Amino acid sequence: LMGLSYHFNRHYSKAGEWFKKGVALKTDKIYPPTWHFLGWTALYLGELEESKKAFNHFLLLEPNKADPLFSLGLIPFQEGDFSEAKVKFTRSIQETEDFEVQAKATARLADVNAELGNWKKSIVLYEEALTLNPDLYEAWYRLSRVLRRMGQENESNDALHAFERARRRVRPDLHTQTRFPE
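Visitor: When you look at unusual backbone geometry in this model, what are you seeing that I'm missing?
Guide: Residues apart from glycine generally show negative phi values, whereas peptide bonds are mostly found in trans. One non-glycine residue with positive phi stands out, namely R10, at about 60 degrees. Inspection of the secondary structure puts R10 in the loop between α1 (2-8) and α2 (12-24). Of note in the backbone geometry, N64 takes a positive phi value of approximately 60 degrees without being a glycine. Along the chain, the position of N64 falls in the loop between α4 (48-61) and α5 (66-79).

Visitor: So what exactly am I meant to see when it comes to the packing of helix α7 (residues 99-115) against helix α9 (residues 137-149) here?
Guide: For any two helices packed against each other, one specifies the inter-axial angle together with the distance between the axes. Where α7 contacts α9, the two axes come as close as 10 Å, and the packing angle between them is 25 degrees. Classed by the angle they form, the pair α7 and α9 counts as roughly parallel. For the element pair α7 and α9, the recorded crossing hand is left-handed. Of α9, the residues touching α7 (which contributes A107, R108, D111 and A114) are E138, A139, R142 and V146.

Visitor: What is the right way to read the environment of N157 from this model?
Guide: Along the chain, the position of N157 falls in helix α10 (residues 153-170). Sequence-wise, N157 and L48 are 109 residues apart; in three dimensions their C-alpha atoms are separated by 35 Å.

Visitor: Help me out: how do you make sense of the packing of aromatic side chains in this one?
Guide: Describing an aromatic ring pair means giving the distance of the ring centres and the angle of the ring planes. Counting across every chain of the model gives nine aromatic pairs. Relative to F37, the ring of F19 has its centre 6.1 Å away and its plane inclined at 20 degrees; by these criteria the two rings are stacked. Here F37 lies in helix α3 (residues 33-44) and F19 lies in helix α2, a separation of 18 residues in the sequence. What makes F19 buried here is its relative accessible area of 6%. When its relative accessible area of 19% is taken as the criterion, F37 is described as buried. Relative to F89, the ring of F70 has its centre 5.6 Å away and its plane inclined at 40 degrees; by these criteria the two rings are tilted. Separated by 19 residues along the polypeptide, F70 in helix α5 and F89 in helix α6 (residues 82-94) bring together distant segments of the chain. Judged by relative accessible area, F89 falls into the buried class, the value being 0%. Clustering of aromatic rings is evident, with ring pairs tying together Y12, W40, Y44 and F55. Across the ring face of W18, the terminal group of K21 is positioned such that the distance to the ring centre comes to 4.3 Å. Over the face of the ring belonging to F77 we find R108, whose NZ or CZ atom lies 5.9 Å from the ring centre.

Visitor: Which parts of the structure should I look at to understand the pattern of salt bridges?
Guide: Pairing between side chains of opposite charge can happen when their charged atoms approach one another. Tallied over the full model, the rule gives 12 salt bridges. Of the charged contacts, one joins R142 and D111 as a salt bridge, the two residues approaching to 3.5 Å between their closest N and O atoms. Of this pair, R142 sits in helix α9 while D111 sits in helix α7, placing them 31 residues apart in sequence. What makes R142 partly exposed here is its relative accessible area of 22%. In this structure, the salt-bridge partner of R171 is D173, at a minimum N-O distance of 2.7 Å. Among the charged side chains, a salt-bridge network with shared partners connects R108, D111, E138 and R142.

Visitor: Please clarify how the side chain of S51 should be interpreted in this entry.
Guide: Mapped onto the elements of the fold, S51 is located in helix α4. For S51, a relative accessible area of 0% puts it in the buried group. Dropping the residues within four chain positions of it, S51 is found in contact with G39, A42, L43 and I75.

Cut-offs and rules
Residues numbered from 1 in each chain as written. Predicted model: local features only at pLDDT ≥ 70, side-chain atom pairs only at ≥ 80, totals over all residues. Heavy atoms only, no water. Helix = DSSP H or I, 4+ residues; strand = E, 2+ residues; numbered from the N terminus. Axes fitted to C-alpha atoms, helices over the stretch in contact; angles between N-to-C directions. Parallel < 35°, antiparallel > 145°, perpendicular 65-115°, else oblique. Left-handed = near helix turned anticlockwise from the far one by under 90°. Contact = heavy atoms within 4.5 Å. Phe/Tyr/Trp six-rings, centres within 6.5 Å; stacked < 30°, edge-to-face > 60°. Buried < 20%, exposed > 50% of the residue type's maximum accessible area, 1.4 Å probe, protein only. Lys NZ or Arg CZ within 6 Å of the ring centre and 35° of its normal. Salt bridge = Lys/Arg side-chain N within 4 Å of Asp/Glu carboxyl O.

As structure tokens, this is what we get:
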């Protein structure tokens, strides 16, 4: 619980200390989400290998969970391994009926396609993600950038306005332009 408290307050270093203590206990009753949150904590701290190990350990305890699969897609994406990221994001989408998880994984799959220069495919995927969850303001922003690259200025401006509206809805505390991720 201490780890979760620190994690939700974005004190990832302290959270990681508690999660590591939790998974190091000599008991057969480890709470599996401890591994999940250890994975997220390590990811936020940029400890990609430790994050990967924690998420994979969680999947051993609870196979085919969509969120850790999504997380395991973020790691190769950050490392530039787009084919592996694509596999993980696709599996994440397939393993859940939760529209929010499907939306964020689809948006990241669109990011992969954008990185690979598959602009038309990325537009389709961004639109699909935003149909599932119109509050994904980062996806609106990225869609606007891809549309601009494709020379679709009006559509790009519309997506940029949708980004601004969604960000105001989701993060009204942000009054200035910010970098991603927040």
